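Structure assessment
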Amino acid sequence: MSRLAIIGGDAAGMSAASQALRRDPDLDVVAFERTPYTSYSACGIPYWIGKDLSHERGSAPLIVRSPEKHRERGIDVRTRTEVIGIDLDSRRLTVKDLETQTESEEGFDELVIATGAVAKAPPVPGADTVEPSRTVDAAERFHAALERGGDSAVVIGAGYIGLEMAEALVKRGLTVSMLDIADQVMNVALDKDMAEHVLRGARDEGIHVHLSTPLESIEPGVVHAGGRAFPADHVVVATGVRPAVAIAIDAGLEVGELGGLLVDDHQRCRGADGVYAAGDCVESWHRLLERPINVQLGTHANKQGRIAGVNATGGDASFPGVIGTAVSRICSVEIARTGLTEKEVAELTDFDVVAVTAQSTTRAGYFPGTGPIWVKLVAERGTGRLLGGQIVGVEGAAKRADVLAVAIWTGMTVHELEMMDLGYAPPVSPVYDPLLVAASAAVRALDS
Ligand SMILES: Cc1cc2nc3c(=O)[nH]c(=O)nc-3n(C[C@H](O)[C@H](O)[C@H](O)COP(=O)(O)OP(=O)(O)OC[C@H]3O[C@@H](n4cnc5c(N)ncnc54)[C@H](O)[C@@H]3O)c2cc1C
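Residues numbered from 1 in each chain as written. Predicted model: local features only at pLDDT ≥ 70, side-chain atom pairs only at ≥ 80, totals over all residues. Heavy atoms only, no water.

So, about helix H1 (residues 11-23). Here H1 contains 13 residues, and its C-alpha end-to-end distance of 18 Å stays within 8% of the 18 Å for a straight helix at 1.5 Å per residue. On its buried side, H1 packs onto strand S1 (3-7), strand S2 (28-32), helix H3 (67-72), strand S3 (76-78), strand S7 (110-113) and helix H8 (298-312). (Helix = DSSP H or I, 4+ residues; strand = E, 2+ residues; numbered from the N terminus. Expected span 1.5 Å × (residues − 1). Contact = heavy atoms within 4.5 Å.)

Set out below in structure tokens:
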């Protein structure tokens, strides 16, 4: 019987395992996972910390499918087991049982590497003392520390994860300072003008945001940054991640410029027969930039894992690439982006573009619950092709970006978007949807 081994038991790894077993019920599938949990929702961690999710059954709401459930379906899941070496010639893994600290060898015919990403600790004294809440067991430890007491917290890094965690801590009644070296929140995801709306929303909710404030050190109870001392009974470090590829590199697998494993559109690792990789540990093809990028999102991890599972069992599935779509909600502000921001266009491409921002409302102006929405579009001068969209607004704003994602994916122009047949009813939209308003503004800017 052929044996498929999976390294990493979360989104990408268990998608691959499940898909492979569905296609070939006789396949021997073994999955190694360092933590006690499989198929968990890291994305839900901030909401669990903030107690939006019930704690009645501990961290159970974060577990989409437990190791026991996977075993019932026929996957040999080994939790608390770390893969510490890959030998591609002999097709063997060296694995370490983290309970007994014993090492052993496991053979494989096909391999899926789905080791995710690891947090980048900022290069300052004390940063390595903070455990990032990226896995459920780490989140449990952070929650336990919060339960023991303390009334102040410092969140380092004002990206979407930092902001979600800051909101969670405010909800728990802590005084929260948020620090970032950049002069805007969501520096990687949004243009500064759009980020201003997010900053206002975060401050309105009680997060004390300090921008242009470089971190100096982390000590017990205090964080030093920008020449000031911030009280910190608890610290969250959310300053970005890098692909977890150390064992893959040791095995001779190739990584790209951005540090992720190089894979083709079938998730096959370059130069290694029968070896696949998926999720946060790989580089994914960006359809607009026309080059690989490393993007860490659950959406891609699940799809790429499924594709790896299909191809590892003799199928033929391909991943079409990414265009940079992401959504979030910080306090009462919904945020979305897709395609390229104006800043990315300037820094990474030769596109000649116009960028416009239109303010509108999420529902008819007279309808209860309506509120502001800002839509920024980036379109190519000359062709009018839509290259990017950012949306910030109240409830009902963010998922509108999916329309923009489809428009970008299919190569639509803002002229086409302006006349798109989008729905209208007062409780859900003004008669001219905010996307149409923004597209009109873009058309005018292109024509002027
Ligand atoms: C707080 C937070 C919020 C997020 N919110 C969103 C969101 O709203 N939307 C979104 O799309 N994405 C979100 N993400 C990102 C998303 O969770 C990841 O992109 C996704 O989990 C990646 O899946 P993966 O399987 O590639 O990697 P991971 O989920 O990181 O899983 C990799 C697994 O491999 C295990 N592992 C690693 N090395 C070894 C080894 N050598 N041996 C055994 N096991 C190993 C790790 O323990 C881990 O469980 C969020 C992430 C975090 C941390």
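It is worth spelling out the sheet that holds S1 at this point. With respect to topology, five strands assemble into an open sheet ordered S3-S2-S1-S7-S17, the strand pairing being parallel. Because the sheet does not close on itself, it has two edges, and the strands there are S3 and strand S17 (275-277). Across this sheet, the average inter-strand angle for adjacent strands is 15°, counted without regard to direction. Both S1 and S2 contribute to a ladder of five bridges, which runs parallel. Bridge pairing links Arg 3 to Asp 28 in S2. Against the sheet, H1 contacts S1, S2, S3 and S7, and its axis sits at roughly 165° relative to S1. Sheet strands in contact with H8 are S1, S7 and S17, and its direction is about 165° off that of S17. (Pairing = 2+ DSSP bridges. Axes fitted to C-alpha atoms, helices over the stretch in contact; angles between N-to-C directions.)

Attention now moves to the sheet that holds strand S11 (residues 208-210). The sheet built from four strands is open, its strands ordered S11-S10-S9-S15 with parallel pairing. Each end of this open sheet is capped by a strand with a single partner; those strands are S11 and strand S15 (234-237). Averaged over all pairs of adjacent strands, the angle between their axes in this sheet comes to 15°, without regard to strand direction. As judged from the four bridges shared by strand S9 (residues 152-156) and S15, these two strands associate in the parallel manner. Each bridged residue has a counterpart across the sheet, and for Val 155 the counterpart in S15 is Val 236.

Next up on the list: the nonpolar core. Counting residues in each nonpolar core, the largest one holds 45 residues, and the members touching the most others are Val 375, Leu 377, Leu 386, Ile 391, Leu 404, Val 414 and Leu 417. Breaking this core down by element, the ones donating at least two residues are H8, strand S22 (353-361), strand S23 (372-380), strand S24 (386-393), helix H10 (401-409), helix H11 (414-418) and helix H12 (434-447). Among the elements that take part in this core, H12 stands out by supplying eight residues, more than any other. Summarising the domain contributions, this core has at least three residues from each of domain 1 (3-39 + 59-118 + 241-312) and domain 3 (332-447). If near-sequence neighbours (up to four positions away) are discounted, Leu 417 is found in contact with Leu 377, Leu 386, Val 403, Leu 404, Met 412, Leu 435, Leu 436 and Ala 439. Ranked by size, the runner-up nonpolar core spans 41 residues in total, among them Ile 45, Ile 63, Ala 158 and Leu 211. (Core = buried A, V, L, I, M, F, W, Y, C linked by side-chain atoms within 4.5 Å. Buried < 20%, exposed > 50% of the residue type's maximum accessible area, 1.4 Å probe, protein only. Domains from an automatic or database assignment.)

Turning our attention to H10. Taken together, the buried positions of H10 are Ala 401, Leu 404, Ala 405, Ala 407 and Ile 408. One face of H10 carries all of its buried residues, which in axial projection span an arc of 165°. Where H10 is buried, its residues touch strand S21 (333-339), S23, S24, H11 and H12. A positive phi of about 80° marks Gly 411, the residue just after H10. (Arc of directions from axis to C-beta.)

This brings us to the domain arrangement of the chain. For the chain, the assigned domains read domain 1 (3-39 + 59-118 + 241-312), domain 2 (121-237) and domain 3 (332-447). Each of domain 1 and domain 3 has a C-alpha centre, and these two points are 36 Å apart. Between domain 1 and domain 3, the contact holds five residues from the first and nine residues from the second. There are zero salt bridges connecting domain 1 and domain 3. Inspection of the region where domain 1 meets domain 3 yields zero residue pairs in polar contact (both at pLDDT 80 or more). (Salt bridge = Lys/Arg side-chain N within 4 Å of Asp/Glu carboxyl O. Polar contact = N/O pair within 3.5 Å; in protein donor to acceptor, adjacent residues only side chain to side chain.)

In this section: the packing of H1 against H8. Between H1 and H8, the least distance of the axes is 7 Å, while the angle of their chain directions is 35°. As for how H1 packs across H8, the hand of that crossing is right-handed. Together, Ala 11, Ala 12, Ser 15, Ala 16, Gln 19, Ala 20 and Arg 23 of H1 and Ala 301, Asn 302, Gly 305, Arg 306, Ala 308, Gly 309 and Val 310 of H8 make up the contact between the two elements. (Left-handed = near helix turned anticlockwise from the far one by under 90°.)

This next bit is on the site of the ligand. Within the structure, the ligand sits among 31 residues, and Asp 10, Ala 12, Glu 33, Tyr 40 and Asp 280 are positioned closest to it. In this structure, an oxygen atom belonging to the ligand sits 2.8 Å away from a side-chain N or O atom of Asp 280. One of the backbone N or O atoms of Gly 298 is found 2.9 Å from an oxygen atom in the ligand. Across the complex, the protein chains shield 91% of the 990 Å² of accessible surface that the ligand would expose by itself. Looking at the shell around the ligand, the elements with two or more residues in it are H1, strand S4 (81-87), helix H5 (160-171) and H8. For the shell around the ligand, a count of residues per class yields 16 nonpolar, nine polar and six charged. Of the residues that make up the shell around the ligand, three or more belong to each of domain 1 (3-39 + 59-118 + 241-312) and domain 2 (121-237). (Near = heavy atom within 4 Å. Areas by Shrake-Rupley, 256 points an atom, 1.4 Å probe, with all protein chains shown as cover. Nonpolar A, V, L, I, M, F, W, Y, C, P; charged D, E, K, R; others polar.)

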